[in-house]
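Architecture and fold: a report
Here is how the chains run, residue by residue.
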Amino acid sequence: MTKKVDLDWNNLGFSYIKTDYRYISYYKDGEWDNGALVEDNVLHISEASTALHYGQQAFEGLKAYRCKDGSINLFRPDQNAARFARSCTRLLMPEFPQERFVEAIKEVVRANEHWIPPYGTGGSLYIRPLMIGVGDTIGVSPAPEYIFTIFVMPVGAYFKGGLTPTSFVVSEYDRAAPVGTGAAKVGGNYAASLLPGKEAKKRQFSDCIYLDPLTHTKIEEVGAANFFGITKDNQFITPYSPSILPSITKYSLLWLAEHRLGMVVKEADVFIDKLDEFTEAGACGTAAVISPIAGIQNGEDFHVFYSETEVGPVTRRLYDELVGIQYGNVEAPEGWIQKV
Ligand code: PLP
Ligand code: COI
């Protein structure tokens, strides 16, 4: 490490910190330029950019982890590259070549290496790739030009409790339409979630639970994370729906629950009036990691899972497997870890 950064590594939250370098590449006349690292964190774009008016943009989120031996791990960046390509295709944006996506991430992480929280602090370097439509367009049509950029920042826990359970409230709003853009990681879904999220936090909940937009009977998402539950007979259940963001963490937990914990795993409907099936529940995602759910408020009902103060034993084992793999302490399934 060349430079030193003076941060309270053990108490990082999830907020923007300007680090030294970001990667940027421009798409013009049908092709991407070579891309470069730059120090300027301000984008200068046309007022008629489609990203500003019509939400033509997509983003990703993944993390770099400092291991005990000083090396740096990326967790399944190829999966983020693939999902990003799908999101871009959904919004008629050009694909950024998937191998270049991973290489560019490694370049930015290396350039900002001194911003990676030290091993043992629980922090990690959050990586935010994004693409926006730019140029002069006022009709509702795809942009002529695009910017792809990646910036990074050190982060700690996303939901305040970390591994301490917190509670969520069922929202009356939808974050996405049944055959809309829920499965794509695009800004519009998050814009739609701001008001429900604010209302949930005002009532002291960590965030809201979104039900399926068609029938409002089944759990879809937990704020910016997927839902999972552990049934009384030790099955790992997570909702399946075309309007859920296909969480890379969730698919990793499905695999770990089955192959490491020997559980029966299922993507299935999770009805909001049948929460009694579950002994434990959690939210999972890159930012959320695994955040145990203490309870869910649904109208007048408050359903408590394992405990309002303690993480349940299965959630704890899943957490230890997942986080152990991410920080290089537990053997990873083939292809899950890429060294920077
Ligand atoms: N659901 C939503 C709405 C999200 O924003 C995220 C975050 O990326 C997730 C789920 C979790 O996905 P992943 O595990 O790939 O980070
Ligand atoms: C992530 O987990 O990477 C996310 O994108 C959540 C984020 C919207 C805060």
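Residues numbered from 1 in each chain as written. Chains lettered and ligands numbered in written order. Predicted model: local features only at pLDDT ≥ 70, side-chain atom pairs only at ≥ 80, totals over all residues. Heavy atoms only, no water.

**Notes on the packing of helix α5 (residues 248-259) against helix α6 (residues 313-326)**
The N-to-C vectors of α5 and α6 enclose an angle of 115°; their axes lie 10 Å apart at closest approach. The two elements α5 and α6 meet at a crossing, and its hand is right-handed. Along its contact with α5, which presents T249, S252, L253, L256 and A257, the element α6 presents L318, E321, L322 and I325. Here the contact of α5 with α6 is composed, by residue class, of six nonpolar, two polar and one charged. (Axes fitted to C-alpha atoms, helices over the stretch in contact; angles between N-to-C directions. Helix = DSSP H or I, 4+ residues; strand = E, 2+ residues; numbered from the N terminus. Left-handed = near helix turned anticlockwise from the far one by under 90°. Contact = heavy atoms within 4.5 Å. Nonpolar A, V, L, I, M, F, W, Y, C, P; charged D, E, K, R; others polar.)

**Brief notes about the environment of G262**
Here G262 lies in the loop between α5 and β14 (264-267). Separated by 76 residues in sequence, G262 and Q338 place their C-alpha atoms 26 Å apart.

**Quick notes on the site of ligand 1**
Contacts to ligand 1 come from 16 residues, most closely from R83, Y190, S247, T249 and T286. Within the contact set of ligand 1, a nitrogen atom lies 2.8 Å away from a side-chain nitrogen or oxygen of E221. T249 has a polar side-chain atom sitting 2.5 Å from an oxygen atom of ligand 1. When ligand 1 sits alone it has 390 Å² of accessible area, and the protein chains cover 97% of it. Only α5 and β15 (278-285) provide two or more residues apiece to the shell around ligand 1. Here the shell around ligand 1 is built from residues that sort into six nonpolar, six polar and four charged. (Near = heavy atom within 4 Å. Polar contact = N/O pair within 3.5 Å; in protein donor to acceptor, adjacent residues only side chain to side chain. Areas by Shrake-Rupley, 256 points an atom, 1.4 Å probe, with all protein chains shown as cover.)

**Digging into the site of ligand 2**
Surrounding ligand 2, one finds F14, F59, G61, Y126, R128, Y158, K185, Y190, A224, T286 and A287. At a separation of 2.7 Å, an oxygen atom of ligand 2 approaches a polar side-chain atom of Y126. The contact in question runs from an oxygen atom of ligand 2 to an N or O atom on the side chain of K185, over 2.5 Å. Relative to its unbound accessible area of 280 Å², ligand 2 is 89% covered by the protein chains. Grouping the amino acids of the shell around ligand 2 by side-chain chemistry returns seven nonpolar, two polar and two charged.

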